[in-house]
Amino acid sequence: ATITEADSTLDVRNMQLLHKQMHITQKLTPAQEYYFPMEIGGEVTGIHLRISEEEEIKGLVQITLESPSLGKISGALQVQENSVEGYFVGNEEEAVLKLRKSSDIVNKSLGEEWKFCEVEFIYSKSNHIPMDWTRTSTGTQVSNDSLYKLSKNFLQALKAVGDAT
C-alpha cells in the first residue's frame, strides 16, 4: 500500500513500523531531559536538566551546569510528600562557599510549596562524589509542573548568587 504524491512515494507500512519503534523508544526513556542556555554572571551557561520518571525515584530532578562564575555544579533535588532535599557538588571552592552562605535564599525560594527544604552544597576539586538516592517513592505523586517550578526556582536562586559574584 503506497501513496503517490507528485514525485514522491510513501510506504505506509514503513511509516507504521517507524511509529511503533518511536513509541517503544519513548516508553523505554526513563526521564525527560532538557539542554538550554541561561545567563549567569554575565556569561551564557549551558544547563542540563533531567526529570526522572522511573517509579523508584519519582520526583528526582538532576541539574548540571558549568559557568565561569560558579564553575561546574551538578547534583539533584528529591521531592517526597511535602519536602525537598538535595545536594550539589561544585569544583570551585569560592563559589561553593558563596552558595552555602546563600543556602537560606535557595531554601526559601524552593520552600513555598513544600514544608521542609534542605539543599546542601559540597566542594570537590574533582567535582565527583558518589552519592545514591536510596529512598524509594512514598506513593505521593509529584506533578511534572511542580518539578518544573522547583527546577526554575532553584536555577533562579543559583543565577542570583552567580550574578552577585
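Just above, that's the structure.
Every value quoted in this text rests on a predicted model; they were computed, and no experiment measured them.

(A) Region of interest: the overall build of the protein chain. Along the protein chain, the regular secondary structure elements total 4 helices and 8 strands. Each helix and strand of the protein chain, ordered N terminal to C terminal, gives the series β-β-α-β-β-β-β-β-α-α-β-α. Burial analysis of the protein chain (165 residues in total) assigns 39% to the buried set. In the protein chain, the share of contacts with a sequence separation of at least 24, taken over all contacts with a separation of at least 6, comes to 52%. Of the accessible surface of the protein chain, which amounts to about 10200 Å², a share of 51% is contributed by carbon and sulfur atoms.

(B) Seen up close, the pattern of salt bridges. The tally for this structure, following the rule as stated, stands at 3 salt bridges. The closest approach of N and O atoms between Arg 50 and Glu 33, which form a salt bridge, is 3.7 Å. Here Arg 50, found in strand 4 (residues 43–52), pairs with Glu 33, found in strand 3 (residues 31–40); they are 17 residues apart in sequence, far enough to count as distant. For Arg 50, a relative accessible area of 18% translates into the label buried. Overall, Glu 33 belongs to the partly exposed group, its relative accessible area being 41%. Salt-bridge contacts for Lys 159 lead to Asp 163; the nearest nitrogen and oxygen are separated by 2.9 Å. Of this pair, Lys 159 and Asp 163 both sit in helix 4 (residues 144–164), 4 residues apart, roughly one helical turn. Judged by its relative accessible area of 26%, Lys 159 falls in the partly exposed class.

(C) Summary view of the pairing of strand 7 (residues 83–90). The buried count for strand 7 comes to 7 of 8 residues, which makes it a mostly enclosed element. Looking at chain direction, strand 6 (residues 71–80) and strand 7 are connected through 8 bridges and run antiparallel. Across the sheet, residue Ser 74 finds its bridge partner in strand 7, namely Val 89. Pairing of strand 7 with strand 8 (residues 116–123) involves 8 bridges; the strand directions are parallel. Its bridge partner lying in strand 8, Phe 88 is registered against Phe 121.

(D) Molecular detail of the side chain of Ser 146. By secondary structure assignment, the location of Ser 146 is in helix 4. With sequence-adjacent residues up to four places away left out, Ser 146 is seen in contact with Glu 113 and Trp 114.

Basis of the calculations
Residues numbered from 1 in each chain as written. Predicted model: local features only at pLDDT ≥ 70, side-chain atom pairs only at ≥ 80, totals over all residues. Heavy atoms only, no water. Helix = DSSP H or I, 4+ residues; strand = E, 2+ residues; numbered from the N terminus. Buried < 20%, exposed > 50% of the residue type's maximum accessible area, 1.4 Å probe, protein only. Contact = heavy atoms within 4.5 Å. Areas by Shrake-Rupley, 256 points an atom, 1.4 Å probe, with all protein chains shown as cover. Salt bridge = Lys/Arg side-chain N within 4 Å of Asp/Glu carboxyl O. Pairing = 2+ DSSP bridges.

By themselves, these are just geometric observations and shouldn't be taken as functional.
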